[in-house]
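Residue-level structural notes
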Amino acid sequence: MDTIFTKIEKGEIPSTKIYEDEKCFVIMDINPVLKGHALVISRKPYPNVGSCPDDVLSHLILVAKKIEERQRKVLGNQGSNIIINSDPASGQEVPHIHVHVIPRYDGDGRHHFAEHDKYSDGEMAALGEKLRIR
Ligand code: AMP
């Protein structure tokens, strides 16, 4: 299935590419949270984290690490958000796995998650018990 990113990979849609190898390519996000925001995109369009083979997923993260290092050197950001949205419920707009690498600065005022839940007494431990992987 074609996605906007497969079209970018084929050159049908223009992009600013900053890295590529056999498994992935990296472009500048057209609508950056902050300037320099980059997307590390799998060449194959796995729709979400669960469907992405382990070797590809780990490769994407290692490339994100390189991009983050480069951003810090060039942009001077003090931090980063390295994020994968997985499926539409998470806010994922493009169903083709990619890692966001977003440069962050002290006091830049961007809010990652504006709202948070609160646990009732004992709820966190009970849920942790269900979620524990044995
Ligand atoms: P997500 O919501 O995790 O699927 O993120 C999709 C990202 O792709 C968004 O941050 C968009 O700004 C970005 N995006 C969509 N179309 C393009 C494009 N043509 N070139 C670069 N980035 C894009």
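Look a little higher up for the structure.
Residues numbered from 1 in each chain as written. Predicted model: local features only at pLDDT ≥ 70, side-chain atom pairs only at ≥ 80, totals over all residues. Heavy atoms only, no water.

In this section: the environment of Gly 76. Topologically, Gly 76 is positioned in the loop between α2 (54-75) and β4 (79-83). The sequence separation of Gly 76 and Val 101 amounts to 25 residues, and the corresponding C-alpha distance is 14 Å. Among all residues touching Gly 76, those that are not within four sequence positions of it are Gln 71 and Tyr 105. (Helix = DSSP H or I, 4+ residues; strand = E, 2+ residues; numbered from the N terminus. Contact = heavy atoms within 4.5 Å.)

Here the focus is the pairing of strand β5 (residues 98-104). A regular strand places its side chains on the two faces of the sheet in alternate fashion. Most of β5 is tucked away: seven of the seven residues are buried. Along β5, one buried face is formed by His 98, His 100, Ile 102 and Arg 104 and the opposite face, lined by Val 99, Val 101 and Pro 103, is buried too. Bridging between β4 and β5 involves five bridges; their strand directions are antiparallel. Counterpart to Asn 81 in the pairing with β5 is Ile 102. (Buried < 20%, exposed > 50% of the residue type's maximum accessible area, 1.4 Å probe, protein only. Pairing = 2+ DSSP bridges.)

Let us now look at the side chain of Asn 77. Following the sequence through the fold, Asn 77 ends up in the loop between α2 and β4. Here Arg 72 takes part through its backbone nitrogen, which lies 3.3 Å from a polar atom of the side chain of Asn 77. (Polar contact = N/O pair within 3.5 Å; in protein donor to acceptor, adjacent residues only side chain to side chain.)

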